[in-house]
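Structural description and commentary
Next come the chains, spelled out residue by residue.
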Amino acid sequence: MSLKGKVAIITGSTSGIGLGIARGFAKAGINVVINGLGDKTEIQGIRNELGSHGVKTLYHDADMRLPGQITDLVETTVHKLGSIDILVNNAGIQKVSAIDEFPPDKWDEIIAVNMSSSFHTIRSAVKHMRKQGWGRIINIASAHGLVASPFKSAYVTAKHGIVGMTKTVALEVALDNITCNAICPGYVKTALVEKQIADTARTRGISEDQVVNDILLAAQWTKKFVTVEQVAGTALFLCSDDAQNITGTSLSIDGGWTAA
Ligand code: NAD
């Protein structure tokens with residue numbers, strides 16, 4: 001089945017991995033709904049670029065901390081573009097801090113954006129996907145959905161939660177022609193990681209080069225950052241007919257990190 005004309009929501013798609021997925025989807029003829037923080041002019045520029053592939057685009061500014069706005073993102077998509085066929089839960093934030101110094105409000109924010117927002121998008125989208133008899137749910141988890149690193153308690157907790165949510169949802173929608181999978185990337189050099197390099201250098205009292213070589217890429221046996229295009233290609237594959245029987249799984253793209 002061609003993916004041309006399908007409608008995808010990608011949360012947190014104004015930069016990084018989400019934007020990469022939106023670009024990959026638009027090139028494949030999928031209409032894309034963009035979401036995330038950012039400058040209105042830049043967001044319009046992104047829409048123009050995506051639209052140049054001949055697809056419809058929409059921007060919705062739902063704050064992924066707020067359930068009412070998240071529901072509105074899904075309902076507005078169905079109202080304006082006619083369906084929600086593919087849901088990519090990608091919005092995410094990070095905070096690097098020791099557990100005994102971790103700010104409680106930051107903990108709540110990370111759990112809300114990185115985990116609970118996916119519950120709200122999924123619970124809203126599934127009823128439409130069931131009616132259509134087709135759907136794809138892709139949760140951008142992380143290698144940190146499978147293993148831990150110190151000083152990332154909220155992030156690791158949220159990402160492990162997403163992996164669990166993925167399995168549960170997959171079982172519930174298995175007979176509805178809907179699949180639900182997680183992608184678990186290793187380190188991708190996006191704004192999120194650039195900030196983390198600086199934070200980790202401060203927290204551990206080492207240089208930024210040491211963070212990259214001795215911490216981030218130490219875990220990746222290929223010694224290469226994952227690219228947004230590689231994550232986008234995997235997401236596109238999960239939408240294909242060949243992936244119909246792949247559900248409830250976590251696909252690692254981590255240069256061997258979690259194999260060790
Ligand atoms: P990024 O900072 O480039 O992008 C994050 C996106 O989320 C942006 O569009 C931002 O506007 C949006 N966002 C943040 N808070 C939001 C809120 N309250 N409401 C709506 N949107 C919000 O980061 P990225 O690296 O592209 O991360 C994307 C996802 O990939 C995250 O879930 C992250 O955990 C995951 N991930 C990233 C890496 C990596 O190395 N970069 C590795 C594994 C997993």
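Described in the following lines is the structure provided in the data block. (Residues numbered from 1 in each chain as written. Predicted model: local features only at pLDDT ≥ 70, side-chain atom pairs only at ≥ 80, totals over all residues. Heavy atoms only, no water.)

1. Quick word on the pattern of salt bridges
What counts is decided by this rule: Salt bridge, as applied in this entry: a Lys or Arg side-chain nitrogen positioned within 4 Å of an Asp or Glu carboxyl oxygen. Per the convention used, a helix needs a DSSP run of H or I reaching at least four residues, while a strand needs a run of E reaching at least two, with both numbered from the N terminus.
According to the stated counting rule, one finds eight salt bridges in the structure shown. A salt bridge links aspartate 199 to lysine 195, with the shortest nitrogen-to-oxygen separation between them at 2.9 Å. In this pair, aspartate 199 and lysine 195 both sit in helix 6 (residues 191-204), four residues apart, roughly one turn of the helix. Residues arginine 202 and aspartate 199 are paired through a salt bridge, measuring 2.5 Å at the closest nitrogen-oxygen approach.

2. Let's talk about the environment of glycine 186
The line we're drawing: Buried means the residue's accessible area, taken with a 1.4 Å probe over protein chains only, is under 20% of the maximum for its type, while exposed means over 50%, and partly exposed covers the values in between. Throughout, a contact is declared for two residues whenever any of their heavy atoms are within 4.5 Å.
You can see glycine 186 is positioned in the loop between strand 6 (178-185) and helix 6. Overall, the relative accessible area of 12% leaves glycine 186 in the buried class. Leaving out residues up to four positions away in the same chain, glycine 186 has contacts with Ala143, Gln220, Val226, Ile253, Asp254 and Trp257.

3. Some words on the site of the ligand
Stated formally: Residues are counted as near a molecule or strand when any one of their heavy atoms sits within 4 Å of it. Polar contact criterion, stated in full: a pair of N or O atoms within 3.5 Å, where within protein one must be able to donate a hydrogen and the other to accept it, and residues adjacent in sequence count only if both atoms are side-chain atoms.
In the vicinity of the ligand, 30 residues are found, and the nearest of them are Thr14, Asn90, Tyr155, Val188 and Thr190. Between the ligand and the protein, one listed contact pairs an oxygen atom with a side-chain N or O atom of threonine 14 at 2.8 Å. Within the backbone of leucine 37, a nitrogen or oxygen atom sits 2.8 Å from an oxygen atom of the ligand. The set of elements that each furnish at least two residues to the shell around the ligand consists of helix 1 (16-27), helix 5 (153-172) and helix 6.

4. With respect to the side chain of arginine 136
The condition that has to hold: By the counting scheme adopted, Arg and Lys are positive, Glu and Asp are negative, and His together with the chain ends is not counted.
Examined against the element boundaries, arginine 136 turns out to sit in strand 5 (residues 135-140). The side chain of arginine 136 is buried and forms no salt bridge, while aspartate 241, the nearest opposite charge, is found at 4.9 Å. Of the polar contacts made by the side chain of arginine 136, one reaches the backbone oxygen of serine 240; its length is 3.0 Å.

5. Concerning the pairing of strand 4 (residues 86-89)
Convention followed: Here, strands pair whenever DSSP counts at least two bridges between them.
Here strand 4 shows no split at all, with Ile86 and Val88 on one side and Leu87 and Asn89 on the other all buried. Where strand 1 (residues 7-10) lies against strand 4, three bridges are found, and the strand directions are parallel. Bridging from a neighbouring strand, alanine 8 pairs with isoleucine 86 of strand 4. Here strand 4 runs beside strand 5; their pairing, made up of four bridges, is parallel.

6. Let's talk about the environment of alanine 170
Structurally, alanine 170 can be placed in helix 5. Since its relative accessible area comes to 2%, alanine 170 is described here as buried. In sequence terms alanine 170 and threonine 247 are 77 residues apart; their C-alpha atoms lie 5.8 Å from each other. Residues contacting alanine 170, with those up to four places away along its chain left out, are Cys180, Thr247 and Gly248.

7. With respect to the pairing of strand 2 (residues 31-35)
The following threshold applies: Every crossover in which the path from the first strand over the helix to the second runs clockwise, viewed with the strands pointing away from the viewer, is termed right-handed.
Of all five residues in strand 2, five are buried; the element is thus mostly enclosed. On strand 2, burial covers both faces: Asn31, Val33 and Asn35 on one face and Val32 and Ile34 on the other are all buried. Relative to strand 2, strand 1 runs parallel, the two being bridged by four bridges. For valine 7, the partnering residue across the bridge sits in strand 2 and is asparagine 31. As a crossover connection, the stretch from strand 1 through helix 1 into strand 2 is right-handed. Inspection of the sheet shows strand 2 paired to strand 3 (residues 57-60) by four bridges, in the parallel sense.

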